[in-house]
Amino acid sequence: MPTESASCSTARQAKQKRKSHSLSIRRTNSSEQERTGLPRDMLEGQDSKLPSSVRSTLLELFGQIEREFENLYIENLELRREIDTLNERLAAEGQAIDGAELSKGQLKTKGEVNSRESLIVSSFKTTTSRAACQLVKEYIGHRDGIWDVSVARTQPVVLGTASADHTALLWSIETGKCLVKYAGHVGSVNSIKFHPSEQLALTASGDQTAHIWRYAVQLPTPQPVADTSQISGEDEVECSDKDEPDLDGDVSSDCPTIRVPLTSLKSHQGVVIAADWLVGGKQAVTASWDRTANLYDVETSELVHSLTGHDQELTHCCTHPTQRLVVTSSRDTTFRLWDFRDPSIHSVNVFQGHTDTVTSAVFTVGDNVVSGSDDRTVKVWDLKNMRSPIATIRTDSAINRINVCVGQKIIALPHDNRQVRLFDMSGVRLARLPRSSRQGHRRMVCCSAWSEDHPVCNLFTCGFDRQAIGWNINIPALLQEK
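Values in this document were obtained by computation on a predicted structure and should not be read as measured data.

Reading guide: rules and limits
- Residues numbered from 1 in each chain as written.
- Predicted model: local features only at pLDDT ≥ 70, side-chain atom pairs only at ≥ 80, totals over all residues.
- Heavy atoms only, no water.
- Disulfide = S-S within 2.5 Å.
- Helix = DSSP H or I, 4+ residues; strand = E, 2+ residues; numbered from the N terminus.
- Buried < 20%, exposed > 50% of the residue type's maximum accessible area, 1.4 Å probe, protein only.
- Contact = heavy atoms within 4.5 Å.
- UniProt positions renumbered as here; feature names shortened; annotations may be inferred.
- Pairing = 2+ DSSP bridges.
- Axes fitted to C-alpha atoms, helices over the stretch in contact; angles between N-to-C directions.
- Phe/Tyr/Trp six-rings, centres within 6.5 Å; stacked < 30°, edge-to-face > 60°.

Caption draft 1: Up close: the state of the cysteines. Tallying each qualifying case throughout the model produces 0 disulfides. Here Cys318 stays unpaired: no disulfide links it, and the sulfur of Cys317, its closest cysteine neighbor, is 7.7 Å away. For the unlinked cysteine Cys462, the closest cysteine sulfur is that of Cys447, found at 5.0 Å.

So, in structure tokens, the structure goes:
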């Protein structure tokens, strides 16, 4: 193919230039040594109080240092050419990598060279991210940070958000309009999950309860979606906490309000941090700061099992989409797998491998679990082998509630540092969601949720900036780039 031949030609040219630079440097060194009249054997014979063996060792070491600097000099020259080539490719988009500091003759350390190479790779990924990840809609109306976001699994498909302002809101995905407000809790609403087949929502709260409530919505007529993909050419702009959405008007005041739940699940002695439906929707599980997880019968509200064993507060719980399995995560650096497939008994497996709080652990289709932690890593586990992860992703910031696109097996990682990154199950980074002074999250991103069936938005994120964001992720483009 033409591309392959061009690549081979470029490689040969680079190799030839590298060799010519090496020969040129050697000739220069030789001529300078001749001009000073101090050849190597004369240097070795100079009077010195050092033993001859020590002098010989020093000369050998200095020779090695000279060769290392020679290699770094050549790498700098080649790197400069690569940057110039990259700038030409990015010029059409108004982007460029500043490589002016790599002036001729200026030597860089090996660490600086590697850093510059990483910048080149990162720039290619940034271009891909902008093309494949576009902000579609912002959902603004909460009066405090948003802890959780979820997408309904039945028609009509709506977006749900859970906030520290003691409410949960349901939104039209297409228009961004608030459809329903749930105000039955007297504490922070920490999570929201939709029933698998009915118009029911399950919310967990700091008031030590979980509520099940029914909603009925009528979706408004969609309006044309504004193209926000070209809002800013900057990929990273620092924003202060004051640069938050204008919330002078309460958009949720005009939508119907539900104040009384169908069912209230009460057994915990501490904050209920998360809740989820078991497959089939007849049972629900809750996770609490009282170090326990509880399994309830939805119809009777009775406690079926109290799951004990964690040494510290629980941070999250998740259920398998097709099997009666539950995974709970905790500040004790572990997560536990609970098996309820046999009605008479339930077994538990403990997964150890993180060094800090496990902020969430979620199932994928098949026999895998993905866990995220404050130790800045994400690990992919095989349920059949809990001794060690099959993949580890290392990042630069603590990781909050992760979510996996089940069909494509893409992991969305929301970070404390306001970034959202996408990885595949093998640990390969696919993209970073764009963020600038006028789009993206301005404070910590708390949670992410995929919606694989929605035609416009297939990823949602929420954070402490009191807004949720709907994104359109071109998954085929990301996978093709990988």
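Don't stop here, the text continues.
Caption draft 2: Broad picture of the side chain of Ser191. Mapping Ser191 onto the fold places it in strand S6 (residues 189-194). Judged by relative accessible area, which is 1%, Ser191 ranks as buried. The contacts of Ser191, once residues within four sequence positions are left out, are Asp148, Ala162, Leu202, Thr203, Ala204, Ile273, Ala274, Ala275 and Arg401.

Caption draft 3: Up close: the UniProt feature "repeat: WD" (unreviewed entry) in the protein chain. Residues annotated in UniProt with the feature "repeat: WD" (unreviewed entry) correspond here to residues 139-181, 182-213, 265-306, 307-348 and 351-391. As a span, residues 182-213 carries 0% helix and 56% strand, and end to end its C-alpha atoms are 8 Å apart.

Caption draft 4: Fine view of the sheet that holds strand S8 (residues 209-214). Judged by pairing direction, the sheet is antiparallel, and its 4 strands sit side by side in the order S6-S7-S8-S10 without closing on themselves. Looking at strand neighbours, the two that pair on one side only are S6 and strand S10 (263-266), the edges of this open sheet. Here the average twist between neighbouring strands, direction ignored, is 20 degrees. As judged from the 4 bridges shared by S8 and S10, these two strands associate in the antiparallel manner. For Ile212, the partnering residue across the bridge sits in S10 and is Thr263.

Caption draft 5: Focus on the environment of Phe460. Tracing the chain through its elements places Phe460 in strand S28 (residues 459-463). Distance in space between the C-alpha atoms of Phe460 and Leu159 is 8.7 Å, their sequence separation being 301 residues. Those residues in contact with Phe460 that lie beyond four places of it in its chain are Tyr139, Val149, Val151, Leu159, Ile173, Cys447, Ser448, Ala449, Ser451, Ile469 and Gly470.

Caption draft 6: Main features of the sheet that holds strand S22 (residues 391-394). One open sheet holds the 4 strands; their spatial order is S19-S20-S21-S22, and the pairing between them is antiparallel. This sheet does not close on itself; its edge strands, each paired only once, are strand S19 (358-363) and S22. Strand-to-strand twist across the sheet, computed as the mean angle between neighbouring axes with direction ignored, equals 15 degrees. Note that strand S21 (residues 377-382) and S22 share 4 bridges and pair antiparallel. Bridge pairing in S22 places Lys379 opposite Thr392.

Caption draft 7: Spotlight on the packing of aromatic side chains. Scanning the model with the defined rule gives 9 aromatic pairs in all. When the ring of Tyr139 is compared with that of Trp171, the centres are 5.9 Å apart and the planes differ by 65 degrees; the resulting orientation is edge-to-face. Of this pair, Tyr139 sits in strand S1 (residues 133-140) while Trp171 sits in strand S4 (residues 168-171); the two residues are 32 residues apart in sequence, bridging distant segments of the chain. Comparing Tyr139 with Trp171, the two get one shared label, buried. Pairing Phe351 with Trp381 gives two aromatic rings, centres 5.6 Å apart and planes at 85 degrees, and the pair type is edge-to-face.

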